[in-house]
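Structure assessment
One-letter residues, chain by chain:
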Amino acid sequence: MKELERARWRCRRGLLELDIVLQRFMDVHYVQLDETGLRQFDTLLNLPDNDLWEMIALRKEVEDSNLQPVLYLLQTI
Amino acid sequence: MGGGAGVIARRKFDAVIVGAGGAGMRAALQLSEAGLKVAVLSKVFPTRSHTVAAQGGIAAALGNVTEDNWHWHMYDTVKGSDYLGDQDAIEFMCRQASEVVYELEHFGMPFDRLENGKIYQRPFGGQSQNFGGAQATRSCAAADRTGHAMLHTLYQRNVRANTQFFIEWMGLDLIRDEDGDVSGITALDMETGEVMVLQARATLFATGGGARIFSASTNAFINTGDGLGMAARGGIPLEDMEFWQFHPTGVYGVGVLISEAVRGEGGYLLNKDGERFMERYAPHAKDLASRDVVSRALTTEIKEGRGCGRDADHLLLKLDHLGADVIKMRLPGIREIAMKFAHADPIHEPIPVAPTAHYMMGGIPTNFYGQVVAPYKTGPEEVVQGFYAVGECACVSVHGGNRLGTNSLLDILVFGRAAGNQIIEDLKKNTHHKPLPADSIDKALARLTRLDGQKSGESVAQVGDTLRKTMQMHCGVFRFADMLKQGVVKVDELAERAKHTEIRDKSRVFNTARVEALELDNLVEVAVATMISAEARTESRGAHARDDFPKRDDDKWLKHTLYFSEGRRLDYKPVRLKPLTVESFPPKARTY
């Protein structure tokens, strides 16, 4: 129940850059994610703000290559 | 139904802290380690607080790289504040800086090191040796992740000390009794949508800033000034709300910061006529003039109709003449931000920019023990029993009219700890919880009941957007008498409109629409306080710059503003010019 709202709230971060990118992602991609995609997104949301932002801004490599498909969507939005 | 069923759950703690950024967690740690029962509420997971965005470091005169002295740091801070800072509080902060930094080191903070093992320090703007002499090297940092490292360090220590975290909870309103004493808060558990009373012998606000009142802001979405809203509705004045620090260049429309490095590398600003307008405002320094000068020039261009775009409300930052190689090599981060947030590749096209709000110098008035002080009984700075505030939401005031870089992380450490110590002392005297007043939850419930029942109202997003645009246009980085006057009328109307917003989702469980409506109430309090305080202050001081009164006026305005939400009334109190042990720094012209 209310998974969309919950996810949307967990996109509220300490860094403005992430707030904006994650909000766009929620508006465009979230509803189309399958179960694997949802799990990847959840894992990414649990990363510290700076790590997640550096991965999105291509300054840091993703350690778990399974996360690449959703991360790619975040990098290109 | 915001819990209107009659029975509201109640929990008792020794101390309740609202906000789990650096300030809240530093205070919580002091209390939990003293064996007190502490609850910390946060809208988001603690390590995702906005403290994470602080990169510059922590100012402390350790003297590890160049000779340094807390008294020099004090001088810089007083001068930076444009003499509006309270000199007793500034002395207190600068004297304690080394101690709180070493303490944080012992907590496990991964500071950068010198070869000799001491904490590495780097120079930062506004830091001087010998009272305005050579550049000082005073900032202690953990790479460009100082805030991040601080949050993680403090969170781990708090977990170990059994601090109880209430995550995804939002404070609603302050509970004050007939004596004016604070005995806790009402709060919303977002997961269940239930309202709860958190009763406490000490209530501490550490809710951070509220720069989301502006349409261009570097602040994260969570920075909606919740503590200020609660305090204002609870009858506590807000101090010096006209003072907001801006950066001249944020990405238009989103506020993300474009660092000064762009102009340092040769980028320059253009208006809609393609004119390099900074040549008119600063013939020598041009685009490299100080932040204040550049910000004012941008605002003046927009006000005089030379802004770009449909709404003529931004300027352009041109870099393409630098060439693709220079941009890729020296400004890769900036290019990334421009492409992502402005959809403009600076190799080919200019970046649309506007001044962006960054830090709130004003806030809930406190003394340097973190106790909230207000003129509500006999004196101008009477302690409000049971109520404390620290960090950006508080106005001690150590930043006065303008904050120096790296003094904000120092502020949260020094006053987080000081408030913790003061609460420990105060609770030795106040051994029992005061009985809750009969109407303690009415205010919070009334707001929720109104939202539940409201039909055919405006959307929260619509009112919020108009509010942010109004603040940006009428009360931005450079202020004009006519715009401020109109602004006062406009925010008044917006405050009324905010009382009639409608949310479609009336359910309880994880109702984010409701949370956003409650946040809007807080933004409105912050915005109205800012506009009214700014309109009244007929001088320019620190970050408050007026077109019609370009000079500082110490005869009339060397005083703190106090704004009262009830009746939208202003009062003033003197600046504390007398330090604790040293000679006062008398006001003089501020030049860099």
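No experiment lies behind these values; they were computed from the predicted model shown.

Turning our eyes to something else, we now look at the overall build of chain B. Of the regular secondary structure elements, chain B holds 16 helices and 20 strands. Taking 592 residues into account, the globule formula puts the C-alpha radius of gyration at 25 Å, and chain B, at 23 Å, falls close to it. C-alpha atoms of chain B, sized along the principal axes, occupy 65 × 65 × 50 Å. A burial count over chain B gives 62% of its 592 residues as buried. Nonlocal contacts in chain B, meaning residues at least 24 apart in sequence, comprise 73% of its contacts between residues at least 6 apart. Element-wise, carbon and sulfur atoms account for 51% of the exposed surface of chain B, whose accessible area totals about 21,700 Å². Charge separation in chain B, taken as the distance between the mean sites of 70 positive and 75 negative side-chain charges, equals 1 Å.

The geometry of a pair of packed helices is captured by two quantities: the angle between their axes and the separation between those axes. All names here are of chain A. Look at helix α2 (residues 16–28) against helix α4 (residues 49–56): their axes get within 10 Å of each other, and the N-to-C directions meet at 60°. Considered as vectors, α2 and α4 are oriented oblique to each other. Considering the relative orientation of α2 and α4, their crossing is left-handed. Contact residues: Glu17, Leu18 and Val21 in α2; Asp49, Leu52, Trp53 and Ile56 in α4.

Below, the discussion takes up the interface of chain B and chain A. The interface of chain B with chain A comprises 37 residues on the first partner and 31 residues on the second. Together chain B and chain A conceal approximately 2,900 Å² of surface at their shared face, both sides included; 55% is due to carbon and sulfur atoms. When the shortest N-O distance is used, the salt bridge between Arg12 of chain A and Glu519 of chain B registers 2.8 Å. Counting across the interface, chain B meets chain A through 18 residue pairs in polar contact (both at pLDDT 80 or more). Among the secondary structure elements, those contributing two or more residues to the side of chain B that touches chain A are α4 (146–160), α10 (332–341) and α15 (512–536) of chain B. Residues belonging to the side of chain B that touches chain A are distributed by class as follows: 14 nonpolar, 12 polar and 11 charged.

Residue and element names in this part refer to chain B. The element strand β7 (residues 169–176) is largely enclosed, with a buried count of seven among its eight residues. The pairing of β7 with strand β8 (residues 182–189) spans six bridges and is classified as antiparallel. Directly across from Gly171, in β8, lies its bridge partner Ala187. Counted between consecutive antiparallel strands, the loop separating β7 from β8 contains five residues, among which Gly180 sits at a positive phi close to 90°.

Residue and element names in this part refer to chain B. With the rule as written, the count across this model stands at 20 aromatic pairs over all chains. Between Phe205 and Phe387 the ring centres are 4.9 Å apart and the planes differ by 85°, which places this aromatic pair in the edge-to-face class. Taken together, the residues span a long stretch of sequence, with Phe205 in strand β9 (residues 195–205) and Phe387 in strand β17 (residues 382–389) at a distance of 182 residues. Pair check on accessibility: Phe205 and Phe387 agree, each one buried. Put simply, the rings of Phe92, Phe368, Tyr369 and Phe415 touch in pairs and so form one group of aromatic residues.

Quick look at the side chain of Glu392 of chain B now. Residues and elements named next belong to chain B. The topology assignment puts Glu392 in the loop between β17 and β18 (394–395). Arg403 provides the closest opposite charge to the buried, unpaired Glu392, separated from it by 6.8 Å. A polar contact of 3.0 Å, which involves the side chain of Glu392, links it to the backbone nitrogen of Met360. In contact with Glu392, other than residues within four places in its own chain, are Gly208, Gly209, His358, Tyr359, Met360 and Gly362.

As a further point, take the side chain of Gln30 of chain B. Here Gln30 of chain B lies in helix α1 (residues 22–33). When sequence neighbours within four positions are dropped, the list of residues in contact with Gln30 of chain B reads Arg417, Gly420, Asn421 and Ile424 of chain B.

Attention shifts here to the sheet that holds strand β11 (residues 244–251) of chain B. Residue and element names in this part refer to chain B. Taken in spatial order, the four strands make up an open sheet running β11-β14-β13-β12, and their pairing is antiparallel. Every interior strand has two partners, whereas the edge strands, β11 and β12 (268–270), have only one. Taken pair by pair, the neighbouring strands of this sheet meet at an average axis angle of 45°, ignoring direction. Taken together, the three bridges between strand β13 (residues 315–318) and strand β14 (residues 351–360) define a ladder with antiparallel strand orientation. By the bridge assignment, Leu317 is partnered in β14 with Ile351.

This part is about the pattern of salt bridges. Residues and elements named next belong to chain B. Counted by the stated rule, this structure contains 57 salt bridges over all chains. Its salt-bridge partner being Lys43, residue Asp226 comes within 2.9 Å of it at the nearest N-O pair. Of the two residues, Asp226 sits in helix α5 (residues 226–233) while Lys43 sits in the loop between β2 (38–42) and β3 (58–59), which places them 183 residues apart along the sequence. Residue classification places Asp226 among the buried residues on the basis of a relative accessible area of 8%. With a shortest N-O distance of 2.7 Å, Arg552 and Asp82 are connected by a salt bridge. One end of the pair, Arg552, is in the loop between α15 and α16 (554–557); the other, Asp82, is in the loop between α2 (70–80) and α3 (87–106), with 470 residues separating them in the sequence. According to the relative accessible area criterion, Asp82 is buried, its value standing at 6%. Each of Asp82, Glu242, Arg537, Glu539, Arg541, Arg552 and Asp554 takes part in one network of salt bridges that share partners.

Take the confidence of the model for chain B next. Residue and element names in this part refer to chain B. Per-residue pLDDT for chain B has a mean of 94; in total, 99% of the residues score no lower than 70. Here residues 1–5 scores under 50 on pLDDT; set against residues more than four positions off or in separate chains, the count is 10 contacts. Among the scores for the predicted complex, ipTM is 0.97 and pTM is 0.95.

Residues and elements named next belong to chain B. By secondary structure assignment, the location of Gly333 is in helix α10. Assessed through its relative accessible area of 25%, Gly333 is described here as partly exposed. Along the primary structure Gly333 and Ile258 are separated by 75 residues, whereas in three dimensions their C-alpha atoms are 9.3 Å apart.

Next up on the list: helix α13 (residues 460–474) of chain B. Residue and element names in this part refer to chain B. With 15 residues, α13 ought to run about 21 Å at 1.5 Å a step, and its terminal C-alpha atoms sit 21 Å apart, in line with that. Of all the positions in α13, only Val460, Val463, Gly464, Leu467, Arg468, Thr470, Met471, Gln472 and His474 are classed as buried. Elements that come into contact with the buried residues of α13 comprise β14, α14 (481–498) and α15.

Further remarks concern the packing of α14 of chain B against α15 of chain B. All names here are of chain B. Interaxial distance between α14 and α15 falls to 9 Å at its minimum, and their mutual angle equals 160°. The angle between α14 and α15 falls in the class roughly antiparallel. For the element pair α14 and α15, the recorded crossing hand is left-handed. From α14, Leu484, Lys485, Gly487, Val488, Val491, Ala495 and Ala498 reach across to α15, where they touch Leu520, Asp521, Val524, Val528, Met531, Ile532, Ala534 and Glu535.

About the thresholds
- Residues numbered from 1 in each chain as written.
- Chains lettered and ligands numbered in written order.
- Predicted model: local features only at pLDDT ≥ 70, side-chain atom pairs only at ≥ 80, totals over all residues.
- Heavy atoms only, no water.
- Helix = DSSP H or I, 4+ residues; strand = E, 2+ residues; numbered from the N terminus.
- Rg over C-alpha atoms; globule rule 2.2 N^0.38 Å.
- Buried < 20%, exposed > 50% of the residue type's maximum accessible area, 1.4 Å probe, protein only.
- Contact = heavy atoms within 4.5 Å.
- Areas by Shrake-Rupley, 256 points an atom, 1.4 Å probe, with all protein chains shown as cover.
- Lys, Arg positive; Asp, Glu negative; His and termini not counted.
- Charge placed at Lys NZ, Arg CZ, Asp CG, Glu CD.
- Axes fitted to C-alpha atoms, helices over the stretch in contact; angles between N-to-C directions.
- Parallel < 35°, antiparallel > 145°, perpendicular 65-115°, else oblique.
- Left-handed = near helix turned anticlockwise from the far one by under 90°.
- Buried area = accessible area lost by both parts, 1.4 Å probe.
- Salt bridge = Lys/Arg side-chain N within 4 Å of Asp/Glu carboxyl O.
- Polar contact = N/O pair within 3.5 Å; in protein donor to acceptor, adjacent residues only side chain to side chain.
- Nonpolar A, V, L, I, M, F, W, Y, C, P; charged D, E, K, R; others polar.
- Pairing = 2+ DSSP bridges.
- Phe/Tyr/Trp six-rings, centres within 6.5 Å; stacked < 30°, edge-to-face > 60°.
- pLDDT = per-residue confidence, 0-100.
- Expected span 1.5 Å × (residues − 1).

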